[in-house]
Amino acid sequence: QTACRLGPGVGGRLCARYYHYDMSLSCTGPIPRVDAPPSWPSQSQRPWRSPSVTTGEPVHLYLSLLKTVLTNGVHEDLAEPVANERGQRDNVGCDPEDSRCTLAWDGWARLTALQPIAEGLLDRRVPGDWAEVGVFRGGISLFLQGILTARGEARARKLWLVDSFQGMGSAAHVACKEKGRGGRGNPCRADEYWVRRFPLFKRNSAEAVQQRFLRHGLLGPGVRLLPGFVNDTLAPPCNPIRALSLLRIDVDVFTATLDAFAHLYPRLTPGGVVLFDDWKLPLARRAAEEYRRSNGITAEIRFLPGTVDAQAYWVKP
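Residues numbered from 1 in each chain as written. Predicted model: local features only at pLDDT ≥ 70, side-chain atom pairs only at ≥ 80, totals over all residues. Heavy atoms only, no water.

Student: Would you mind showing me how to read the environment of Val315 here?
Tutor: Along the chain, Val315 falls in strand β11 (residues 312-315). In contact with Val315, not counting residues within four places along its chain, are Gly271, Gly272, Val273 and Ala299. (Helix = DSSP H or I, 4+ residues; strand = E, 2+ residues; numbered from the N terminus. Contact = heavy atoms within 4.5 Å.)

Student: Mind showing me how you'd approach unusual backbone geometry here?
Tutor: Peptide bonds are trans in most cases, and residues, glycine excluded, mostly fall at negative phi. The residue after Pro236, namely Pro237, is reached through a cis peptide bond having omega -5°. By the secondary structure assignment, Pro237 is in the loop between α7 (230-233) and β8 (244-249). Residue Arg125 is not a glycine yet carries a positive backbone phi of 55°. Topologically, Arg125 is positioned in the loop between α2 (107-123) and β5 (129-133).

Student: I keep staring at the packing of aromatic side chains and nothing clicks. Help me out?
Tutor: Each aromatic ring pair is described using two quantities: the centre-to-centre distance and the angle formed by the ring planes. The full count for this structure, using the stated rule, is seven aromatic pairs. For the pair Phe276 and Trp279, a centre-to-centre distance of 6.4 Å together with 90° between the ring planes defines the contact as edge-to-face. Comparing Phe276 with Trp279, the two get one shared label, buried. Ring centres 5.8 Å apart and planes at 70° place the aromatic pair Trp279 and Phe303 in the edge-to-face group. One end of the pair, Trp279, is in the loop between β9 (268-276) and α9 (282-294); the other, Phe303, is in strand β10 (residues 302-303), and 24 residues separate them in sequence. Accessibility expressed as a relative area gives 41% for Phe303, which makes it partly exposed. Among the aromatic residues, those joined into a cluster by ring pairs are Phe261, Tyr265, Phe276, Trp279, Tyr291, Phe303 and Trp314. Sitting over the face of the ring of Tyr265, Lys316 holds its NZ or CZ atom 4.8 Å from the ring centroid. (Phe/Tyr/Trp six-rings, centres within 6.5 Å; stacked < 30°, edge-to-face > 60°. Buried < 20%, exposed > 50% of the residue type's maximum accessible area, 1.4 Å probe, protein only. Lys NZ or Arg CZ within 6 Å of the ring centre and 35° of its normal.)

Student: Hey, could you run me through the environment of Pro236 in this one?
Tutor: Inspection of the secondary structure assignment puts Pro236 in the loop between α7 and β8. Taking the relative accessible area as the measure of exposure, Pro236 reaches 59% and is therefore exposed. On a C-alpha basis, the gap between Pro236 and His263 in space is 8.2 Å, while along the polypeptide they are 27 residues apart.

Student: Looking at this model, I keep getting lost on the pairing of strand β7 (residues 223-227). Mind explaining?
Tutor: Within a regular strand, side chains alternate between the sheet's two faces. Burial of β7 is extensive: five of the five residues sit out of reach of the surface. Here β7 shows no split at all, with Val223, Leu225 and Pro227 on one side and Arg224 and Leu226 on the other all buried. Bridging between strand β6 (residues 159-163) and β7 involves five bridges; their strand directions are parallel. Along β7, the bridge assignment pairs Leu161 with Leu225. (Pairing = 2+ DSSP bridges.)

Student: What should I look at first to understand the side chain of Ser164 in this one?
Tutor: Secondary-structure assignment places Ser164 in the loop between β6 and α4 (172-178). The contact partners of Ser164, leaving out residues within four places of it in the chain, are Gly228 and Phe229.

Student: For this particular structure, what's the right way to read the sheet that holds β11?
Tutor: The pairing of strands in a sheet happens through backbone hydrogen bonds and is either parallel or antiparallel. Here seven strands make up an open sheet; going across it, the order is β7-β6-β5-β8-β9-β11-β10 and the pairing mixed. Taken across any chain shown, the strands that pair with only one partner, and hence form the sheet edges, are β7 and β10. One ladder, built from five bridges, connects β5 with β8; its direction is parallel. Bridge assignment links Val133 to a residue of β8, and that residue is Ile249.

Student: What am I meant to see in the pattern of salt bridges here?
Tutor: Think of it this way: side chains of opposite charge can pair up when their charged atoms draw near. As enumerated under the stated definition, the model contains twelve salt bridges in all. What emerges from the salt-bridge pattern is a single network uniting Arg110, Glu132, Arg248, Asp250, Asp277, Asp278, Lys280 and Asp309. (Salt bridge = Lys/Arg side-chain N within 4 Å of Asp/Glu carboxyl O.)

Student: When you look at the pairing of β9 in this model, what are you seeing that I'm missing?
Tutor: Where burial is concerned, most of β9 is hidden: eight out of the nine residues are buried. Where β8 meets β9, five bridges bridge the pair, whose relative direction is parallel. Directly across from Ile249, in β9, lies its bridge partner Phe276. In the classification by handedness, the crossover that spans β8, the intervening helix α8 (residues 254-264) and the parallel β9 is right-handed. Direction of pairing for β9 relative to β11: antiparallel, over a ladder of four bridges. Considered in β11, the bridge of Val274 is made with Trp314. (Right-handed = clockwise from strand over helix to strand, strands pointing away.)

Given below as structure tokens:
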């Protein structure tokens, strides 16, 4: 596959090819190649399942162990956050400042809640790849790839990982202001405040996420990492994603949320699911509601059970 964008290259076009295990990218340039096994293991070589088993105890045990590893339960007996009567969080859970913590906050609850939705898409054979926009350290993405691998779908479906790996600020703020969003309620200005408040999200890299996939044995040929800001990476003709059955958005800020919906929701197949992590954040929620309203989306909004913060989702008719 080759994806290109217009740019100051030869003939006004910049191109790059996707390589097996390389996850080289078109719109933002390649990231360093990581040493990987010489070939992707066949189904019969995967220790957690046999070729004839797609559900049941082996898959359940593997995914349960993967959740434990991703939330640092192997190293510490952590009490996950719970909501108290004041609507605030009790317990810290896996500390996001701890580099061993691949998935922080109420990670176990989030993974447990999204698992039946993801597996339901496979059971119903809804066509399309899976994508997460806003990857951070890759905890959710690793679990999604674990599901695809354990269910024998890792060859049939790609997993797209979209993240700037430079924090949440981008040229999108300028573009947003140019669209006339000014004044006291300017969401772009609020986005900039959010970016300054949480520098944690800058302490990450595409290479680190790639290494985590390799370390967990999940760096398959279908894992495609797209580093770069949403409005750059996914804008036509740069967007290499063709069809999705699962779209998870977790970018926290107004502009990137709106861009993610604009560039990827039209590629979600009927019966596909949108998972929206940021319902708790007023401006990100505003972007989702604005996109739904402007595009006549009336699908029922539901919420994942058991999570501390509201995790919204809906099924595309």
